Amino acid sequence: MPRLLVRRPSPDLVRGELTHLERVPVDPALALRQWEQYVEAFRSRGWTIVEVEPADAHPDGVFIEDALVVFDDLVVVGRAGAATRRGEATTAASTAERLGLEVVAITEPGTLDGGDVLKVGRTVYVGASSRTNANGIANLRHLLEPRGWTVVEIPVTKALHLKSGVTALPDGTIVGYQPLVDDTSLFPSFLPVSEAHGCAVVVLDPTTVIMSADAPRTSALLKERGLTVVTTPVTEFEKLEGCVTCLSVRLRR
């Protein structure tokens, strides 16, 4: 049964880091309700929910995907590119250890945010962004290539993370919002979408994805491709450069 690691949003969410967006008001109460809806979308489809210890002192702690990346039974603990976020990883790593997973960490001077890591089959696309540096990517390659993964570096200059601009459908097609993608030719199959929030999808199962409710045209496009699309509102997290991918860590084994 698949498991979903999540962490409740901090009451201090409004002070989250911003890089590419202007700061606008965030409603913490609405954010909590949206987070609960997001979690329920997984629970109602058979996922077991694992709540990581709250990190209320860290405004961005809800974006737990940045702290951990899972490769089969190996969990790689990131080292946040934003120094203020580095305290988020400790409790997330402890939860992975309690679940019986092998846990390794990106080491200094490397930095790696999980939002820069996109897995498609046994290929790992890693964004070289303002949050993930060359040393972090080399560190990840050293950990993964002996395990049969291929690591491909992708330049990211137009968005916070790689997965701010692209994610992948169940068949491996890369779906992306072109204004946020440096070079679409680096992907073997690229499906452009017309909405900024339409580029973020999470695969629930081989025929179902979850995505933001703020991308109706993209939802319709994916339905035309034969997918079941579950939409959920995540407006308060999108104001902080977040999306449906970064609110969870998915353990599919």
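Residues numbered from 1 in each chain as written. Predicted model: local features only at pLDDT ≥ 70, side-chain atom pairs only at ≥ 80, totals over all residues. Heavy atoms only, no water.

Help me understand the pattern of salt bridges in this model?
A side chain of one charge can pair with a side chain of the opposite charge when the charged atoms of the two come close. Scanning the model with the defined rule gives 16 salt bridges in all. Across the salt bridge formed by R79 and E108, the nearest N and O atoms sit 3.9 Å from each other. Here E108 lies in the loop between β5 (102-105) and β6 (117-120) and R79 lies in the loop between β4 (74-77) and α2 (89-98), a separation of 29 residues in the sequence. A relative accessible area of 18% means that R79 is categorised as buried. A residue is classified by how much of its surface remains accessible, and E108, at 62% relative accessible area, is exposed. Residue R85 is joined to E88 by a salt bridge in which the shortest nitrogen-to-oxygen separation is 2.8 Å. (Salt bridge = Lys/Arg side-chain N within 4 Å of Asp/Glu carboxyl O. Helix = DSSP H or I, 4+ residues; strand = E, 2+ residues; numbered from the N terminus. Buried < 20%, exposed > 50% of the residue type's maximum accessible area, 1.4 Å probe, protein only.)

When you look at the sheet that holds strand β2 (residues 48-51) in this model, what are you seeing that I'm missing?
Within a sheet, each strand pairs with its neighbour through backbone hydrogen bonds, oriented either parallel or antiparallel. The strand order β2-β1-β15 describes an open sheet built from 3 strands, whose pairing is mixed. This sheet does not close on itself; its edge strands, each paired only once, are β2 and β15 (249-251). Strand-to-strand twist across the sheet, computed as the mean angle between neighbouring axes with direction ignored, equals 25°. Across 3 bridges, the pairing between strand β1 (residues 3-6) and β15 is antiparallel. The residue of β15 that forms the bridge with L4 is R250. Most of the contacts of helix α1 (residues 28-43) go to β2, to which it runs at about 140°, and overall it touches β1, β2 and β15. (Pairing = 2+ DSSP bridges. Axes fitted to C-alpha atoms, helices over the stretch in contact; angles between N-to-C directions. Contact = heavy atoms within 4.5 Å.)

Would you take a moment to explain unusual backbone geometry for this structure?
With the exception of glycine, the majority of residues adopt a negative phi angle, and the majority of peptide bonds are in the trans configuration. Here the amide bond leading from E108 into P109 is cis, since omega sits at 10°, within 30 degrees of zero. You can see P109 is positioned in the loop between β5 and β6. Of note in this structure, E241 is not a glycine but carries a positive phi near 65°. Examined against the element boundaries, E241 turns out to sit in the loop between α5 (235-238) and β15.

Quick question: what am I supposed to make of the environment of F71 here?
By the secondary structure assignment, F71 is in strand β3 (residues 68-71). Leave out the neighbours within four places in its chain, and F71 touches V76, V117, K119, V124, L140, L144 and W149.

Honestly, the packing of aromatic side chains in this entry has me stumped. Any pointers?
Given two aromatic rings, one states the distance between the centres and the angle between the planes to describe the pair. Per the counting criterion, the structure on display carries 6 aromatic pairs. Taking the centre distance of 5.3 Å and the plane angle of 85° together, the rings of F42 and W47 count as edge-to-face. Residue F42 is classed as buried on the basis of its relative accessible area, which comes to 0%. Judged by centre distance (5.3 Å) and plane angle (80°), the rings of F71 and W149 are edge-to-face. (Phe/Tyr/Trp six-rings, centres within 6.5 Å; stacked < 30°, edge-to-face > 60°.)

Would you mind showing me how to read helix α3 (residues 134-144) here?
Because each turn of an α-helix spans 3.6 residues, side chains separated by three or four positions in sequence point in the same direction. Turning to α3, its buried residues are G136, I137, N139, L140, L143 and L144. Considered in projection along α3, the buried side chains sweep an arc of 160° and stay on one side of the axis. Exposed side of α3, more than 90 degrees from the buried face: A134 and H142 are the residues found there. N-capping of α3 is provided by N133, with a side-chain oxygen placed 3.2 Å from the backbone N of N135. (Arc of directions from axis to C-beta. Polar contact = N/O pair within 3.5 Å; in protein donor to acceptor, adjacent residues only side chain to side chain.)

Explain the nonpolar core to me, please; I cannot follow it from the model alone.
Within soluble globular proteins, side chains that are nonpolar generally end up buried alongside one another. Ranked by internal contacts, the top residues of the largest apolar core, which has 26 residues, are F42, I210 and F237. At 6 residues, the largest contribution of residues to this core is made by α1. The residues touching F237, leaving out its near neighbours within four places in the chain, are P9, L13, A31, Q34, W35, V62, F63, G242 and L247. L5, V50, V52 and A92 belong to the second largest nonpolar core, which has 16 residues in total. (Core = buried A, V, L, I, M, F, W, Y, C linked by side-chain atoms within 4.5 Å.)

What exactly am I supposed to notice about the side chain of E236 here?
Considering the arrangement of structural elements, one finds E236 in helix α5. At 2.8 Å, the side chain of E236 and the backbone nitrogen of D27 are in polar contact. Here the side chain of E236 touches K239 through a polar contact of 3.1 Å, side chain to side chain. With residues near it in sequence (within four places) discarded, E236 still touches P25, V26, D27, L30, A31 and Q34.

Any chance you could explain the side chain of E88 here in plain terms?
Inspection of the secondary structure assignment puts E88 in the loop between β4 and α2. Note on E88: relative accessible area 3%, which makes it buried. When near neighbours in sequence (up to four residues on either side) are disregarded, E88 contacts R7, H58, D60 and G61.

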